[in-house]
Amino acid sequence: MNAPFGRLVNLSHVHDPATTPLYPGDPAFHIDTVATIAADGYYLRYVRQGEHTGTHWGAPIHFDPSGLAADELDIDDLLLPAVKIDVRDECVQNRDHAITAADLRAWEDRHGRIPDESAVIAWTGWEKKWGTPDFLGTGVDTGHMPGFAVDAVDWLLDTGRLGRRGALGIDTFGPDLGTDDSYAVSKLLYREHRISLECLAGLGALPVIGAWVLAGGPIYRGGSGSPATVFAIVP
């Protein structure tokens, strides 16, 4: 049954140490059973993972030392109108594909203006690689993942499409090209009340326009973000 506000779509992977890829250098992901019904009368597990493990969202403090932490954001910062940029074909041909400002303007020619303070979500097709070595890449492809070009983020910021709040979303480890160890895109994004949505899934069910996204998960004091269940609200 559809809720009165629309239909909910899950945009998150299941968090599972057996299948969740880890960004190089991130802490290991462990789940240990600490109580069982047979022995203790209840079932409980101890979960150890980084704040940016699996599907997650990031707060400004993640890349801006003076930025807001997770607990300092407003609730409204986690609920945003969404647009989807489908670049799957380009990413099959080129693991280093970067979405440019020209690409976004061409998208608007087809679909209309990106609403201000939107979540601009790139559908690269990377979610199909989840749980396999190819998510990060192997051999000469190691670390090569698509993302947004710096000029695309500059344009989104300059035109207000990423305003005081807003987000970049993607089904890879993050909005930067995998080969950019300076994290130039993230450093532009993470200011004011803007966030990122990373390691997304189920983007085939997200409409190109018209949906909203809601980033859930625990709010940690001083947090750089949180593992999350990200929902799309589809009218």
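Quick caveat: nothing in here was measured; it's all calculated off a predicted structure.

Undergrad: Please provide a residue-by-residue account of the pattern of salt bridges, values included.
TA: Using the criterion set out here, one finds 11 salt bridges in the structure. For arginine 113, the salt bridge goes to aspartate 116, with nearest N and O atoms at 2.7 Å. Here the salt bridges do not stand alone but share partners, grouping Asp74, Asp77, Arg164 and Arg165 into one network.

Undergrad: Describe in detail the packing of helix α3 (residues 101-111) against helix α4 (residues 150-158), supporting the description with residues and values.
TA: Close contact between α3 and α4 brings their axes to 7 Å; oriented N to C, the two are set at 55°. One element, α3, and the other, α4, form an angle in the oblique class. Side by side, α3 and α4 meet where Ala101, Leu104, Arg105 and Glu108 of the first sit next to Asp151, Ala152, Trp155 and Leu156 of the second. Its residues placed into classes, the contact of α3 with α4 shows 5 nonpolar, no polar and 3 charged.

Undergrad: I'd like a description of the state of the cysteines, backed by residues and values.
TA: Counted by the stated rule, this structure contains 0 disulfides. The structure places no disulfide on cysteine 91, whose sulfur is separated from the nearest cysteine sulfur, that of cysteine 199, by 15 Å.

Undergrad: I'd like a description of the packing of aromatic side chains, backed by residues and values.
TA: Summed over all chains, the structure comprises 5 aromatic pairs. Between phenylalanine 63 and tyrosine 190 the ring centres are 5.7 Å apart and the planes differ by 25°, which places this aromatic pair in the stacked class. Here phenylalanine 63 is found in the loop between β4 (56-58) and β5 (79-86), whereas its partner tyrosine 190 is found in the loop between α5 (184-189) and β10 (195-198), with 127 residues between them in sequence. Seen from the ring of tryptophan 123, arginine 88 lies directly overhead, with NZ or CZ sitting 3.6 Å from the centre.

Undergrad: Would you mind going over a nonpolar patch on the surface in detail, with residue names and values included?
TA: Side chains of Phe5, Leu8, Leu79, Trp212, Leu214 and Phe231 sit close together on the surface and give an oily, nonpolar patch of about 540 Å² of accessible area. For leucine 214, the position within the fold is in strand β11 (residues 211-215). Accessibility expressed as a relative area gives 34% for leucine 214, which makes it partly exposed.

Undergrad: Go over empty space enclosed by the protein with me, naming the residues and quoting the values.
TA: This structure, assessed with the given rule, holds 1 cavity of 30 Å³ or more. If you add up the space inside the largest cavity, you get close to 30 Å³. Along its surface, the largest cavity is lined by Pro21, Leu22, Tyr23, Asp26, His52, Thr53, Gly54, Phe173 and Cys199. Here the lining of the largest cavity is composed, by residue class, of 5 nonpolar, 3 polar and 1 charged.

Undergrad: Explain the layout of surface pockets to me, and be specific about the residues and the numbers.
TA: As a volume, the largest pocket reaches approximately 260 Å³. Here the lining of the largest pocket is built from residues that sort into 7 nonpolar, 7 polar and 4 charged. One number sums up the size of the second largest pocket: a volume of about 200 Å³. Considering the residues around the second largest pocket, the lining is formed by Lys84, Ile85, Asp86, Val87, Glu90, His97, Asp103, Ala106, Trp107, Arg110, His111 and Val208. When residues in the lining of the second largest pocket are grouped by element, the largest group, 5 residues, is from α3. For the lining of the second largest pocket, the per-class residue count stands at 5 nonpolar, 2 polar and 5 charged.

Undergrad: Mind laying out a negative patch on the surface, listing which residues take part and the relevant values?
TA: On the surface, Asp89, Glu90, Asp103, Asp151, Asp154 and Asp158 cluster together to form a negatively charged patch. Elements represented by at least two residues in the negative patch include exactly α2 (88-93) and α4. It is α4 that provides the largest number of residues to the negative patch, a total of 3 residues. Here aspartate 103 shows up in helix α3.

Rules and cut-offs
- Residues numbered from 1 in each chain as written.
- Predicted model: local features only at pLDDT ≥ 70, side-chain atom pairs only at ≥ 80, totals over all residues.
- Heavy atoms only, no water.
- Salt bridge = Lys/Arg side-chain N within 4 Å of Asp/Glu carboxyl O.
- Axes fitted to C-alpha atoms, helices over the stretch in contact; angles between N-to-C directions.
- Helix = DSSP H or I, 4+ residues; strand = E, 2+ residues; numbered from the N terminus.
- Parallel < 35°, antiparallel > 145°, perpendicular 65-115°, else oblique.
- Contact = heavy atoms within 4.5 Å.
- Nonpolar A, V, L, I, M, F, W, Y, C, P; charged D, E, K, R; others polar.
- Disulfide = S-S within 2.5 Å.
- Phe/Tyr/Trp six-rings, centres within 6.5 Å; stacked < 30°, edge-to-face > 60°.
- Lys NZ or Arg CZ within 6 Å of the ring centre and 35° of its normal.
- Patch = residues over 30% accessible without salt bridge, like charges linked within 9 Å, V, L, I, M, F, W, Y side chains within 5 Å.
- Areas by Shrake-Rupley, 256 points an atom, 1.4 Å probe, with all protein chains shown as cover.
- Buried < 20%, exposed > 50% of the residue type's maximum accessible area, 1.4 Å probe, protein only.
- 1 Å grid on protein atoms, 1.4 Å probe; cavity = no way out; pocket = protein on both sides within 12 Å on 5 of 7 lines; lining within 4 Å.
- Points joined across faces, edges and corners; volume = space filled by probe spheres on them.
- Lys, Arg positive; Asp, Glu negative; His and termini not counted.
- Charge placed at Lys NZ, Arg CZ, Asp CG, Glu CD.

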